[in-house]
Amino acid sequence: MEISFAGRRAVVTGAGKGIGRGTVKALRAAGAAVIALTRSPEDLESLARECPGVETICVDLGDWSATEAAIRSIGPVDLLVNNAGVAHLQPFLDVTQEAFDKSFAVNVRAVILVSQIVARQMIERGVPGAIVNVSSQASQVALQDHAVYCSTKGALDMLTKVMALELGPKKIRVNCVNPTVVMTDMGRANWSDAEKAEPMLNRIPMGRFAEVEDVVNSILFLLSDKSGMTTGACLPVDGGYLIS
Ligand code: NDP
C-alpha cells in the first residue's frame, strides 16, 4: 500500500529517539515536510544531519508556556504525532508526587496543549487533519510498578476518544497506537532484565516484542487517507498481547 504525504506538514513530538525518530524519517521518506520536536538539542542536531530538510524545535513539553510559544511559532500543520512520553516506574506504595506530576505533564497534559493549538489552526484553515497519539498496551492491562505510567496511558486512550468525538465534525481524525514493548532507550531501561521480560514475551502470541518499524507503519496508516473512516480507535501493535 503506497502512502504519500506530499504537500502535507507534520509535527512529531519526542522526535529525538526511538519511535519518534523513526516516525520523522518515515514521514520524510513519504514526502511530508516534518517538524521534529524534542528536548535534547544533540538529538535534533544529529537528526537534522541524517534527515536534511527536517525543521527542528527544542522544547521541554513539561513546560506549558514554553511549549505553547513553540507550537504557535510553527505555523499550519496537517498531521500531528503526539509521541513524547516518559516512564517513571515505581511500586504503587512508593509513587511520588514528582513522578506523578512529571509523567502526567508530558504523557497527557502536553498532548492536550499541542493538539489544541494544532487543531484550532486546522479548523481556522478549514482543512482536514489527522492526529495520532502514541499510547501503550499499558493503557489496558495492569503491569507491575506501572501505576503512574498505566494511568497516563489509560487517560491518553480516553482523551483520544473524546478528541475524536469533538473534532470529527471539524474533519480532524484522532487515533492512537498501543504498542507492546519496543527496545528503544525506554524499552531497554525497563525490559532488559530477561527474568522480567520473559513472562511478557511468553504472553505475546507473535512471540516477539515490537520493532520501531512496526509502530511507525501503524502511525503512518492512521495519519493517512487510507484510514479515512477510522477515528477514536486504539490500535494495538502488540503481537496479540492484549487478547492473550
Ligand atoms: P524513548 O525514550 O526512546 O524516546 C522518547 C523521546 O521523547 C525522546 O526523544 C525524549 O527526549 C522525548 N521526550 C521525553 N520527554 C520529553 C519532554 N518533556 N519534552 C520533549 N521531549 C521529550 O521512548 P520510545 O520511543 O520508546 O517511546 C515513545 C512513545 O512510545 C512514548 O509515548 C512511550 O510511552 C510509548 N511506548 C513505548 C514503548 C516501549 O516499550 N518503548 C511501549 C509502548 C509505548 P529525551 O531523550 O531528550 O528525554
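From a predicted model like this one, the values you see are computed outputs, not experimental measurements.

Rules used throughout
Residues numbered from 1 in each chain as written. Predicted model: local features only at pLDDT ≥ 70, side-chain atom pairs only at ≥ 80, totals over all residues. Heavy atoms only, no water. Pairing = 2+ DSSP bridges. Helix = DSSP H or I, 4+ residues; strand = E, 2+ residues; numbered from the N terminus. Axes fitted to C-alpha atoms, helices over the stretch in contact; angles between N-to-C directions. Contact = heavy atoms within 4.5 Å. Buried < 20%, exposed > 50% of the residue type's maximum accessible area, 1.4 Å probe, protein only. Polar contact = N/O pair within 3.5 Å; in protein donor to acceptor, adjacent residues only side chain to side chain. Parallel < 35°, antiparallel > 145°, perpendicular 65-115°, else oblique. Left-handed = near helix turned anticlockwise from the far one by under 90°. Nonpolar A, V, L, I, M, F, W, Y, C, P; charged D, E, K, R; others polar.

(A) Geometry of the sheet that holds strand β1 (residues 9–13). The sheet built from 7 strands is open, its strands ordered β3-β2-β1-β4-β5-β6-β7 with parallel pairing. Two strands bound the open sheet, and with one partner strand each, they are β3 (55–58) and β7 (234–237). Put simply, the sheet's adjacent strands are angled 15° from each other on average, direction ignored. Here β1 runs beside strand β2 (residues 33–38); their pairing, made up of 5 bridges, is parallel. The residue bridging Arg9 from the neighbouring strand is Ala33, located in β2. Across the sheet, helix α1 (residues 18–29) is in contact with β1, β2 and β4 (79–82); its angle to β1 comes to roughly 170°.

(B) Geometry of the side chain of Ser224. With respect to the secondary-structure elements, Ser224 resides in the loop between α8 (212–223) and β7. Given the relative accessible area of 3%, Ser224 is considered buried. Among the polar contacts made by the side chain of Ser224, one reaches the main-chain carbonyl oxygen of Phe221 at a distance of 2.8 Å. Non-local contacts of Ser224, meaning those with residues more than four positions away in its chain, are made with Ile3, Phe5 and Arg173.

(C) Highlighting the packing of α1 against α8. Two elements in contact, α1 and α8, have axes whose closest approach is 9 Å; the angle formed by their N-to-C orientations is 55°. The orientation of α1 relative to α8 falls into the category oblique. Read as a crossing pair, α1 and α8 show a hand that is right-handed. Within the contact between the two elements, α1 uses Gly18, Ile19, Gly22, Thr23, Ala26 and Leu27 and α8 uses Val212, Val215, Val216, Ile219, Leu220 and Leu223. Across the contact of α1 with α8, the residue classes tally to 9 nonpolar, 3 polar and no charged.

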